[in-house]
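# Chain and residue survey
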Amino acid sequence: MALALAINGPSYRKAAETLEKFLGYRVISHEAIRQHLMASEVLQKARETVHSPVLFVEVDGLYIKHQRQSKRGKEEKSLCIHQGWETNGKRSV
């Protein structure tokens, strides 16, 4: 669970703090989580065949402004990689 929190969360320290809040006592340190993660085996994902010789990469950003706060806004970036569009009636999906 600690490794999953560390991988999906913002930091090893936050993962250790989350486990501590959940269980009520300090389970593992952030450095121990890092050491376990470094010792774990990396599993390679199976290669997918490319049916089309062309890949499309679409990148966009959306600026989000904080309302009624002195904080500056930030830009959320998104990326999509695909092999093309299919038509569904008049729509392209």
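Residues numbered from 1 in each chain as written. Predicted model: local features only at pLDDT ≥ 70, side-chain atom pairs only at ≥ 80, totals over all residues. Heavy atoms only, no water.

A separate point is the packing of aromatic side chains. Enumeration over the complete set of coordinates arrives at one aromatic pair. Look at F56 and W85: their rings are 4.8 Å apart centre to centre, the planes differ by 50 degrees, and that puts the pair in the tilted class. Taken as a pair, F56 in strand β1 (residues 56-64) and W85 in the loop between β2 (74-82) and β3 (87-88) lie far apart in primary sequence, 29 residues in all. For F56, a relative accessible area of 30% corresponds to the partly exposed category. (Phe/Tyr/Trp six-rings, centres within 6.5 Å; stacked < 30°, edge-to-face > 60°. Helix = DSSP H or I, 4+ residues; strand = E, 2+ residues; numbered from the N terminus. Buried < 20%, exposed > 50% of the residue type's maximum accessible area, 1.4 Å probe, protein only.)

Moving on, we come to the confidence of the model for the chain. Averaged over all residues, the pLDDT of the chain is 86; the fraction at 70 or higher stands at 99%. Strand β4 (residues 91-92) is the least confidently modelled element of the chain, averaging 81 in pLDDT, while helix α2 (residues 12-23) averages 92, the highest of any element. (pLDDT = per-residue confidence, 0-100.)

A cluster of nonpolar side chains, V50, L55, V57, V59, L79 and I81, forms an exposed patch at the surface whose accessible area comes to about 610 Å². Breaking the nonpolar patch down by element, the ones donating at least two residues are β1 and β2. Its place among the elements puts I81 in strand β2. (Patch = residues over 30% accessible without salt bridge, like charges linked within 9 Å, V, L, I, M, F, W, Y side chains within 5 Å. Areas by Shrake-Rupley, 256 points an atom, 1.4 Å probe, with all protein chains shown as cover. Salt bridge = Lys/Arg side-chain N within 4 Å of Asp/Glu carboxyl O.)

What follows deals with the pairing of β1. Counting buried positions along β1 yields zero of nine residues, so the element is predominantly exposed. The pairing of β1 with β2 spans nine bridges and is antiparallel. Its bridge partner being in β2, E58 is matched across the sheet by C80. (Pairing = 2+ DSSP bridges.)

Counting seven residues, the largest nonpolar core consists of A2, A6, A15, A16, L19, I28 and I33. Of all the elements in the fold, those that place two or more residues in this core are α1 (2-8) and α2. No other element matches α2, which puts three residues into this core. Every residue in contact with A6, bar those within four places of it in the chain, is listed here: S11, Y12, A15 and I33. (Core = buried A, V, L, I, M, F, W, Y, C linked by side-chain atoms within 4.5 Å. Contact = heavy atoms within 4.5 Å.)

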